[in-house]
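# An overview of the molecular structure
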Amino acid sequence: MKTIKRRHALVDPDDSDVDVHPLVSRLFANRGVQPRTEMDYSLASLIAPTQLKDIDRAAQRLVDAITKQQRVLVIGDYDTDGATATALAITALRAMGLQTVDYLVPNRFDFGYGLSKGIAEVALTVPFGEQPDLVITVDNGIASIDGVDLLNDHGIDVVVTDHHLPGEELPQAYAIVNPNQPGCEFASKSIAGVGVIFYLMMQLRSLLEREHWFAGQGLKPPRLADYLDLVALGTVTDMVPLDRNNRILVAQGIARIRRGNCRPGIAAIMSLCNRDLSKCRTGDFGFQIGPRLNAAGRLDDISNGIECLLTSDKDAAQNLAEQLDAINRQRKEIESSMQRQANEIVGSFSIDSAVNRRQGYCLFHPDWHQGVTGLVASRIKEQTHAPVIALAPAENGLLTGSARSVSGLHIRDLLAEIDREFPGLMDRFGGHAMAAGLTIQSSNLDRFDTAFVAASAKVLAELPADAQIESDGELQGDWYTKEVAEMVADAAPWGQRFPEPVFDDEFDVLDYRIVGEQHLKLTLSNGKLPAPVDAIKFRYLSYGDTAPRLQRIAAAFRIDVNTFRGVSNLQLLIEHMAPI
């Protein structure tokens, strides 16, 4: 059962002289900040790179690689954060004069995540035909003990750039740049993998300029701000908390995209989705670009996505974007089938669904696709308001899957606690507070299921029983306009831990109908509205259900602008609704 909880914060009276709409002031105050300082998205406000532990050592190793023209291999990850980080590293290093640099991203079905021992063996000869002199990891590496050891044994230096939480042991890398490693004083612990490599490239350029490298080679130093479209895309799609530093990175990247200063691949995907580049927002990353890039990594190989971000040729970018779109359509079909099966599994657990909802879900089906388990886990989490793990079969009797959590339960820490209590129950795991990945032996499934549900129940027992939707309160009647909706959308890069504004109110239902089998389209009114307003509730129904009779509802909603056949109007996107 969902309940609506209103945020309550006092707007600083000193902000009354700031040229900010009162609604925006309220929204920022509700998030614990004031617009006077928090709406300053200048690059000068970024945290200094020197706060990152080991960044000077890592940058100096790259200086040596560039000045000596060594072979450098970037090892990335198969999600959008990893793809953008890989593209940024390759593009920036080439712009700084490195002639022999390429990338390698493990196929998730053959090697799993990160710089494993298996992918390290591949790295010894790919793609140069001989071993690289230096390996750089992006968005991975902090847990790659065996992979780094193997490369060290062959005389290859490894620079790890990552943002994931470290384990008890760190790899013996030449340098580690990760704000979450012990002893690192970098204030933004939430920076994405693409943000970490961006910071390393900033420090590298600074060292090269100090040594007069660019002048000596007749090179123009690259403007690293031009790479912020990649940083913004990777940061938003990785769903890291948007603290102030991340909001600056995202805001700057979006501003460049809106001016048309972005990769041809990003522009091509936006065009394919009928999205206006000049009106790009964080939602376009999360719902349009990100899913198409991720689909390549989920079903096949993220290389198509990386090449789409790397190419400077518009025709090539268009062709690659169309390939990614086709893969994404295939992903949707697979996800739909898996989702139906997951719903059946959840429905079979117990009549007492409220109890099950408090305990968490560990789901497995022998026909599931490894690359889509994270999406299924997310959907079931949204339905049950409980932590969910979805597992699919892999090779050699293994199961691999994804975990998604709820507010108040740190899923990576929960898996670590299970690992301490039951050593060997999981082969490997890693992740964040809200998302994680893991691999287990199929023979351990029942034992793991029991351990996971028990551990989840222990944590969840201390949390409120009802799922809550936080609301920014009511809107004044004259704020129900598309102009206000656009103003709110542009007030900040909204995302994790800086959530997009949600409002709540009661409405009379003048009309409603089902669209697309699951979605409910409504026409609403109340005494404050100058005219009826359109609204939509996505995934309101299960397939085959009929809509209940609705006369009056209480709703939590976001305000948006819907454009249809060239005409734009305000539309409410309903997050939660209940008849009254």
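Before any of the text, the structure's been laid out above.
Notes on the structure follow. (Residues numbered from 1 in each chain as written. Predicted model: local features only at pLDDT ≥ 70, side-chain atom pairs only at ≥ 80, totals over all residues. Heavy atoms only, no water.)

### Topic: the nonpolar core
Among the nonpolar cores identified, the biggest contains 139 residues, and L88, L93, Y199, M201, L524, I559 and L572 are the most heavily contacted of them. If you tally residues by element for this core, the top one is helix 7 (residues 193-210), at eleven residues. One finds L399, V406, I440 and F448 within the second-largest nonpolar core, a separate group that totals 23 residues. (Core = buried A, V, L, I, M, F, W, Y, C linked by side-chain atoms within 4.5 Å. Buried < 20%, exposed > 50% of the residue type's maximum accessible area, 1.4 Å probe, protein only. Helix = DSSP H or I, 4+ residues; strand = E, 2+ residues; numbered from the N terminus.)

### Brief notes about the side chain of D238
Its location among the elements puts D238 in the loop between helix 9 (228-237) and helix 10 (244-258). Of the side chains with opposite charge, R404 comes closest to the buried, unpaired D238, at an N-O distance of 8.6 Å. A polar side-chain atom of D238 sits 3.4 Å from a polar atom in the side chain of H163. Ignoring anything within four residues of it in the chain, the contact list for D238 reads D79, D81, H163 and H432. (Lys, Arg positive; Asp, Glu negative; His and termini not counted. Salt bridge = Lys/Arg side-chain N within 4 Å of Asp/Glu carboxyl O. Polar contact = N/O pair within 3.5 Å; in protein donor to acceptor, adjacent residues only side chain to side chain. Contact = heavy atoms within 4.5 Å.)

### Looking at the packing of helix 12 (residues 282-299) against helix 14 (residues 314-349)
Each pair of packed helices can be described by the angle between their axes along with the distance between the axes. At a minimum axis separation of 8 Å, helix 12 and helix 14 run at an interaxial angle of 70 degrees. With respect to helix 14, the element helix 12 is oriented roughly perpendicular. As for the relative orientation of helix 12 and helix 14, their crossing is left-handed in sense. Contact with helix 12, carried on its side by P291, R292, L293, A295, A296, R298 and L299, involves L324, D325, I327, N328, Q330, R331 and I334 of helix 14 and no other residues of that element. Class assignment for the residues of the contact of helix 12 with helix 14 results in eight nonpolar, two polar and four charged. (Axes fitted to C-alpha atoms, helices over the stretch in contact; angles between N-to-C directions. Parallel < 35°, antiparallel > 145°, perpendicular 65-115°, else oblique. Left-handed = near helix turned anticlockwise from the far one by under 90°. Nonpolar A, V, L, I, M, F, W, Y, C, P; charged D, E, K, R; others polar.)

### Side note on the environment of F448
Looking at the element boundaries, F448 is found in helix 18 (residues 445-460). On the basis of relative accessible area, F448 is assigned to the buried category, the value being 0%. Between the C-alpha atoms of F448 and L425, which are 23 residues apart in sequence, the distance is 6.7 Å. Setting aside residues no more than four positions away along its own chain, F448 makes contact with C362, I389, L415, I418, L425, M426, L438 and I440.

### Some points on the environment of N569
Residue placement: N569 occurs in strand 17 (residues 567-579). Judged by its relative accessible area of 44%, N569 falls in the partly exposed class. For the pair N569 and D534, spaced 35 residues apart in sequence, the C-alpha to C-alpha distance is 8.4 Å. Sequence-distant contacts of N569, defined by excluding residues within four places in its chain, comprise D560, V561 and N562.

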